Amino acid sequence: MPTVFRPHGRAMPPALDEINRRIRLLMDEPANKRRAEEYTRLLMLWTEATMVNGSGWGTAA
């Protein structure tokens, strides 16, 4: 899977793209406890993925 380029020329690793895709799909589901728990889990995965590659995607500007 190719690396996707984001604003300001920064690249987003494929793992982050996949997490993003899963979050978008999740938001189409009805709001309930399971969706909230899965959303939290995906955000934790996002955080871990950004720490591993040192890209800084998980840090505020």
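Residues numbered from 1 in each chain as written. Predicted model: local features only at pLDDT ≥ 70, side-chain atom pairs only at ≥ 80, totals over all residues. Heavy atoms only, no water.

1. Section: helix H1 (residues 14-27)
Side chains three or four residues apart in an α-helix point the same way, a direct result of the helix having 3.6 residues per turn. In this model H1 runs 20 Å from its N-terminal to its C-terminal C-alpha over 14 residues, within 8% of the 20 Å that 1.5 Å per residue would give. Among all positions in H1, only Leu16, Asp17, Ile19, Ile23 and Leu26 are buried. (Helix = DSSP H or I, 4+ residues; strand = E, 2+ residues; numbered from the N terminus. Expected span 1.5 Å × (residues − 1). Buried < 20%, exposed > 50% of the residue type's maximum accessible area, 1.4 Å probe, protein only.)

2. Describing the pattern of salt bridges
Within the structure shown, the criterion is met by four salt bridges. For Glu29, the salt bridge identified is with Arg34, shortest N-O distance 2.1 Å. Of the charged contacts in the structure, one is a salt bridge between Glu38 and Arg41, with a shortest N-O distance of 2.8 Å. Linking Glu38 with Arg41, this pair stays in helix H2 (residues 33-53), spanning three residues, or about one helical turn. By relative accessible area, which is 36% here, Arg41 ends up partly exposed. (Salt bridge = Lys/Arg side-chain N within 4 Å of Asp/Glu carboxyl O.)

3. A closer look at the confidence of the model for the protein chain
Any segment with low pLDDT has predicted coordinates that should not be analysed in fine detail. For the protein chain, the average pLDDT comes to 78, and 64% of its residues sit at 70 or higher. Between the elements of the protein chain, mean pLDDT differs from a low of 48, seen in strand S1 (residues 4-5), to a high of 92, seen in H1. When the criterion is pLDDT under 50, residues 1-5 qualifies, and its contacts beyond four places in sequence or with other chains add up to eleven contacts. (pLDDT = per-residue confidence, 0-100. Contact = heavy atoms within 4.5 Å.)

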